[in-house]
Amino acid sequence: MAKKKTDSANDVELRRDLLRSMLLQRRFEERCAEAYALGKIGGFCHLYIGQEACGTGAISILRPDDYVITTYRDHGQALARGMAPRAIMAELFGRIDGVVRGKGGSMHLFDRNANFLGGHGIVGGHVPIATGVGFAIKYRGGDQVCVCFMGESVVNTGAFHEALNMAALWKLPVVFIIENNRYGMGTALERASSIHDIYNRAASYDMPRGVVDGQDVMVVRAAVQEAVDRARTESTPTLLEVRTYRFMGHSMSDAVSGTYRTKEELEEYLKRDPIIVLRTQLQQAGQLTDDEFAKLDEEVKAVVQDAWDFAEQSPEPPIEALYEDVLVDTTSDAHAEAAVAAD
Amino acid sequence: MATKVVMEALSPTMEEGRLVKWLKNEGDQIKNGETLAEVETDKAIMELVARGEGVLRKRLLNENDAAPVGQLIAVIAPPDENIDALVSSAGGAAAAPAAPAAPAAASAGATQEKVASGAPPAPPPARPAAPPAPSAAPSGNGGGRMRSSPLARRMASENGLDLQGVQGSGPGGRIIKRDIEAAVASGSAKQQPTAGRFVPAGEDYRDAPLTQIRKTIARRLSESIGPIPTFYLTAEFDMERVAEMRAAMAAMGDEFKVSFNDIVLKAVATALAQHPEVNAHWLGDKIRYFNRVHLGMAVAIEDGLITPVIFDADQKRMSEISRESRELAKRARERKLKPEEYTGSTFSVSNLGMFGIDQFTAIINPPEVGILAVGALEEKPVVVDGALAHRKRMRVTMSCDHRVVDGALGARFLQTLRRLIENPLMLVY
Amino acid sequence: MSVITYRDALNQALREEMHRDDRVFIMGEEVAVYQGAYKVSKGLLQEFGEMRVVDTPITELGFAGVGVGAAMVGLRPIIEFMTWNFALLAIDQVVNSAAKMLYMSGGQYNMPMVFRGPNGAALQLSAQHSQAWESWLAHIPGLKVVAPGTPYDAKGLLKSAIRDDNPVIVLEGEMLYNTKGEVPENEEVIVPLGKAELKREGEHASIITHGKMVLAALQAADQLGKQGINVDVVDLRTIRPMDVDAITTSVRKTNRAVVLEEGWEICGVGAQVVDYIQRDCFDDLDAPVVRVHQADVPMPYAKNLERAAKPDAAKAIAAVKKVMYLE
């Protein structure tokens with residue numbers, strides 16, 4: 001996969017931005033783990049630690065008017081998309097200033113301004129939605145793209161099959177990205193899927209496909225760039241398997257290792273921490289010193305602390321909010337005007 | 001859809017009724033709630049009311065004839081409906097004409113419908129049903145829960161009707177809208193009483209008052225066990241002061257006139273309030289002591305005797321007692337008393353003084369445990385402070401049920417009564 | 001005023017709304033080239049083209065989700081399920097996505113979409129093709145659910161559903177498609193969501209019903225009328241939100257209620273109606289409410305068994321008599 005022209009021009013700055021983004025995600029997720037343990041975050045909390053390169057690399061090449069849709073493991077992608085850490089942390093804390101006003105929680109981050117379409121809790125449930133977004137883009141004759149992240153378990157669901165078939169059949173501008181972190185909750189891929197090179201599922205739909213190393217953000221970025229171009233210019237979908245690893249349990253409630261994977265295996269993968277990978281690249285190219293890295297780290301830590309403080313101060317939603325946003329009071333006339341004004 | 005008209009039990013103890021007069025003819029259009037006929041019960045002449053709509057197709061009982069409770073006596077139906085089958089089955093319709101409480105102590109499970117056996121859609125016989133208070137009939141559920149639809153309850157309340165006076169034609173004897181409508185139309189339901197209600201509210205005593213079944217059971221029990229062990233206490237009262245009082249009241253005007261009997265009744269009621277131990281009922285397995293005084297007042301009528309009740313007599317002023325006793329006596333003689341007006345006394349008084357009887361012993365009306373027989377007032381010589389004087393005197397004889405009232409108990413009651421009658425000002429103390 | 005079929009009424013609604021707003025499109029199995037499995041979308045492909053009248057593979061879950069995605073970014077999809085029996089496969093998208101999207105997104109993404117199709121039994125289609133499951137959907141906050149019983153209501157409710165900015169479920173009926181009724185031409189036929197209609201007036205009892213059973217209720221009312229019994233027939237039209245006022249006004253007037261529905265007894269729509277009645281009309285009831293519904297069995301095939309299982313006018317008549325304490 002060739003590097004694009006745009007990369008070389010601002011290469012250093014780009015990589016630093018990517019590093020900062022991944023580091024922010026990492027520190028944010030670490031504080032989430034802490035907050036969860038303290039009872040400030042409730043319910044389910046699925047951490048992105050170890051997978052930062054996937055979301056960061058993919059989202060970095062998107063336009064603001066492109067769409068992103070993902071699973072419940074959505075904190076990293078939301079941050080990569082530029083959503084405010086304060087608003088995300090407040091949402092996790094269940095406060096009114098949360099990105100969805102405390103109504104969704106960790107698994108349901110949405111931001112219309114960022115064209116971030118959630119945050120979905122049912123495995124595979126969002127994939128047909130991605131196809132629908134692609135359909136709408138084509139319906140309107142636009143050149144936006146919809147990027148759909150999913151875990152590797154999704155490829156075995158019926159929804160995945162139906163959605164990809166239609167995307168390929170109707171030639172829709174969707175990039176389906178599998179973040180293969182090798183394990184469902186505790187079931188290794190090999191025990192759940194009849195094929196292990198799961199990007200080959202695309203063959204059923206005669207869909208372009210590929211597999212890349214998900215721990216190198218630059219590699220991911222390049223691969224996704226190609227797929228996005230294809231979608232934008234040829235209105236053709238792609239299935240991309242990005243091989244990665246999660247360092248924590250499936251969620252905060254699940255075991256890190258022990259029953260389903262060995263500590264040794266985990267430690268092997270820790271060596272390929274995407275932050276370390278990129279940092280090493282920069283340092284080897286003389287584009288980053290230890291001090292600069294430390295400074296960067298302090299900076300993002302401060303951002304996360306600020307987000308924490310903000311979330312703590314934010315009030316819980318008022319009880320009246322219980323009944324808000326079940327239905328809208330509008331019909332197509334009013335909504336059309338509002339939509340026009342918003343977009 | 002045809003409506004069967006059956007001989008209904010219009011009094012608690014009725015077993016058969018005599019059709020006095022038809023008020024509708026064959027061929028007449030009948031509306032729900034209209035009066036069809038006058039029926040003589042064992043106590044009074046009552047109205048028989050239509051429970052359906054249509055044409056009065058057939059009258060099956062002649063005037064002056066009697067029929068047992070439950071027998072088919074007429075049919076209301078649409079003009080074109082074939083009622084032959086209905087009519088021909090009329091002969092064998094009546095089974096054992098049981099009195100409503102007939103299945104005595106044995107059939108605790110008797111429901112209201114089962115009583116009028118053999119007449120299926122007939123509304124259940126009239127009977128003062130157990131009060132809504134849950135602490136209802138002690139044994140068996142024959143006189144148990146009254147059922148009514150929420151609408152019926154509301155309508156009854158709006159019309160000031162006492163649901164107990166209404167017969168329910170719905171399933172399980174449920175009182176429903178048409179029953180209230182019928183009751184309102186015929187005026188047969190008892191008005192919601194203000195004072196003197198037969199059924200006292202729950203807090204007045206710890207048990208529910210007697211139901212007809214209770215009474216009948218008690219009567220039957222007494223009959224089966226043997227007569228009531230009765231003894232008699234006689235006392236002679238000095239009536240001078242009563243006579244003075246009466247004369248003084250009469251001098252104030254006709255509207256203030258009271259009879260000796262009125263005064264006696266008031267005194268008896270007051271004494272009873274102070275002696276609940278004789279204001280009681282024997283119930284076979286317990287004795288019920290009443291906190292309220294409902295005085296039965298025996299009235300002679302043409303072919304017998306009836307005892308209408310002055311409720312809460314101890315709470316009533318003499319003028320009220322006077323008015324009520326006159327009114328009740330009049331209605332008794334006209335045979336116009338309703339069942340709830342002659343049942344429910346806690347103690348009775350019988351006065352044969354107007355017939356010149358000096359003294360007599362009355363028969364206790366079970367399950368009451370006492371009755372006071374009042375004799376004539378006469379002027380006679382007595383010894384007062386060692387000297388001979390003539391005074392107005394009156395003798396009373398109290399019959400007591402020894403199972404509940406011992407000699408001393410009865411005597412003490414009469415002591416109180418004497419004090420009240422010989423010092424009538426104590427009545428206002 | 002013309003007399004048209006329920007099917008044609010729906011077709012008119014689709015055509016008119018697709019003209020009115022070019023964000024509206026229809027998607028489902030056989031809607032385009034085949035002209036609609038029940039011909040409801042007849043002629044639309046020719047008129048609007050294949051981008052707006054879209055044939056799908058047999059993928060209820062998939063294309064329901066496609067509708068959700070399209071609605072999230074501003075289109076107004078009409079998703080047709082060939083029958084609501086098949087929609088069971090799509091329930092994740094209808095309930096977990098469409099119904100909940102607005103709430104979960106804190107008000108950011110509303111779902112201006114319609115899910116429609118024939119609901120309930122037809123004739124001898126057997127257990128898997130005869131289910132009436134409005135109560136499942138009426139259970140869900142975030143959805144609106146309508147069940148038109150006449151051509152006028154079909155047109156009016158579908159148009160309102162399409163214009164509504166929320167996900168609306170439209171429950172039609174194969175047995176209704178050929179029924180006829182008056183629908184005015186040359187005027188906008190709009191039936192507001194959430195409003196019942198008194199289709200017949202009487203004072204003796206109330207029959208509360210919806211959908212296919214409206215016709216049965218009217219037939220029952222006619223026959224009862226000949227016997228001097230006049231009933232109110234309250235056609236709910238919208239199951240969620242239900243027009244509670246219409247129900248209670250009628251029951252307060254008549255003091256008796258019969259609830260007639262196509263679905264099963266347990267936790268059916270009728271159970272909800274009865275709750276509203278007992279809650280708001282307790283002191284007005286002269287008799288317990290009687291429900292008429294399908295027998296508590298999967299739908300059998302044999303003609304006589306199916307007839308015995310289904311509610312109908314005769315059963316409604318018997319129920320009215322029961323609440324009136326007539327034999």
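Once a new chain begins, its residue numbering starts again from 1 and follows that chain's sequence as written. To read the labels, note that chains go from A and ligands from 1, taken in the order they are written. Note on the predicted model: pLDDT of at least 70 is required for a residue's local features to be given, and 80 or more for side-chain atom pairs to be given and counted; whole-chain, interface and lining totals, by contrast, use all residues. Only heavy atoms go into the side-chain values, all of them from the structure, while hydrogens and water stay out.

1. Structural notes on the packing of helix α2 (residues 11-37) of chain A against helix α12 (residues 290-313) of chain A
Angle between the axes and distance between the axes are the two parameters that describe a pair of packed helices.
All names here are of chain A.
Okay, step 1: The axes used here are C-alpha line fits, helices contributing only the stretch in contact, and every angle between their N-to-C directions lies in the interval 0 to 180 degrees. Only DSSP runs of H or I with at least four residues qualify as helices, and only runs of E with at least two residues qualify as strands; both kinds are numbered from the N terminus onward. Contact pair α2 / α12: the axes reach a minimum separation of 9 Å and the direction vectors enclose 45 degrees. Considering the angle they form, α2 stands oblique to α12. The two elements α2 and α12 meet at a crossing, and its hand is right-handed. On the side of α2, the interface is formed by R16, L19, R20, L23, L24, R27, F28, R31, E34 and A35, while α12 contributes E292, F293, L296, D297, E299, V300, K301, V303, V304, Q305 and W308.
Okay, step 2: Along the lines of polarity and charge, the residues of the contact of α2 with α12 split into 11 nonpolar, 1 polar and 9 charged. An angle counts as roughly parallel when it lies under 35 degrees, as roughly antiparallel when it exceeds 145, as roughly perpendicular when it falls between 65 and 115, and as oblique in every other case. The hand of a helix crossing depends on one turn: near helix anticlockwise from the far one by less than a right angle means left-handed, and clockwise means right-handed. Note on contacts: a residue pair is in contact if any heavy atoms of the two residues lie within 4.5 Å. Only Asp, Glu, Lys and Arg are considered charged, only Ala, Val, Leu, Ile, Met, Phe, Trp, Tyr, Cys and Pro nonpolar, and every remaining residue, Gly among them, polar.

2. Observations regarding empty space enclosed by the protein
All names here are of chain C.
Okay, step 1: Residues are called lining when one of their atoms sits within 4 Å of a cavity or pocket point, these points coming from a 1 Å grid over the protein atoms alone, where a cavity is a set in which a 1.4 Å probe fits but cannot get out and a pocket is an open set with protein on both sides within 12 Å along at least five of seven lines. Grid points are joined across faces, edges and corners, and a volume is the space filled by probe spheres set on the points. As enumerated under the stated definition, the model contains 9 cavities of 30 Å³ or more in all.
Okay, step 2: As a volume, the largest cavity reaches approximately 80 Å³.
Okay, step 3: Considering the residues around the largest cavity, the lining is formed by N119, E134, A147, P148, L171, E172, L176, H210, G211, K212, M213 and E262.
Okay, step 4: Here the residues of the lining of the largest cavity sort into 5 nonpolar, 3 polar and 4 charged.
Okay, step 5: Each domain's limits were defined by an automated method or a database of domain assignments. Viewed by domain, the lining of the largest cavity spans two of them, domain 1 (2-183) and domain 2 (197-323), each represented by three or more residues.

3. Considering the nonpolar core
Okay, step 1: For the purposes of this section, nonpolar cores are sets of buried Ala, Val, Leu, Ile, Met, Phe, Trp, Tyr and Cys residues that join through side-chain atoms within 4.5 Å. Using a 1.4 Å probe on the protein chains alone, a residue whose accessible area is under 20% of its type maximum counts as buried, one over 50% counts as exposed, and one in between counts as partly exposed. Within the largest apolar cluster, 158 residues are counted, with the highest numbers of intra-cluster contacts made by F135(A), F176(A), F81(C), F115(C) and I277(C).
Okay, step 2: The biggest single contributor to this core is α2(A), with 11 residues.
Okay, step 3: Counting the residues that make up this core, at least three belong to each of domain 1 (2-183) and domain 2 (197-323) of chain C.
Okay, step 4: If we ignore the near neighbours within four places in the chain, the residues touching F135(A) are W170(A), L172(A), F25(C), M27(C), M51(C), V54(C), V66(C) and L75(C).
Okay, step 5: Residues V242(B), L337(B), F347(B) and V404(B) belong to the second largest nonpolar core, which totals 51 residues.

4. Quick word on the pattern of salt bridges
Residues and elements named next belong to chain C.
Okay, step 1: Salt bridges, as used here, are contacts in which a Lys or Arg side-chain nitrogen is within 4 Å of a carboxyl oxygen on Asp or Glu. Taken as a whole and assessed by the stated rule, the structure comprises 72 salt bridges over all chains.
Okay, step 2: Here K159 makes a salt bridge to E17, at a shortest N to O gap of 3.0 Å. Residue K159 is located in helix α7 (residues 151-163), and its partner E17 is located in helix α1 (residues 6-20); the two are separated by 142 residues in the primary sequence.
Okay, step 3: On the basis of relative accessible area, K159 is assigned to the buried category, the value being 0%.

5. Remarks on the interface of chain C and chain B
Okay, step 1: Counting residues at the interface gives 11 residues for chain C and 13 residues for chain B.
Okay, step 2: Here chain C meets chain B over a buried area of about 940 Å², counting both sides, of which 53% is carbon and sulfur.
Okay, step 3: Where D284(C) meets R154(B), a salt bridge forms, and the shortest distance between an N and an O atom there is 2.7 Å.
Okay, step 4: The term polar contact refers here to a pair of N or O atoms within 3.5 Å; inside protein, the definition further demands a hydrogen-donor-capable atom paired with an acceptor-capable atom, and it admits residues adjacent in sequence only when both atoms are side-chain atoms. Joining chain C to chain B, the criterion identifies 7 residue pairs in polar contact (both at pLDDT 80 or more).
Okay, step 5: Considered class by class, the residues forming the side of chain C that touches chain B number 5 nonpolar, 1 polar and 5 charged. Accessible-area loss on putting two parts together, using a 1.4 Å probe and summing over both, is the definition of buried area adopted here.

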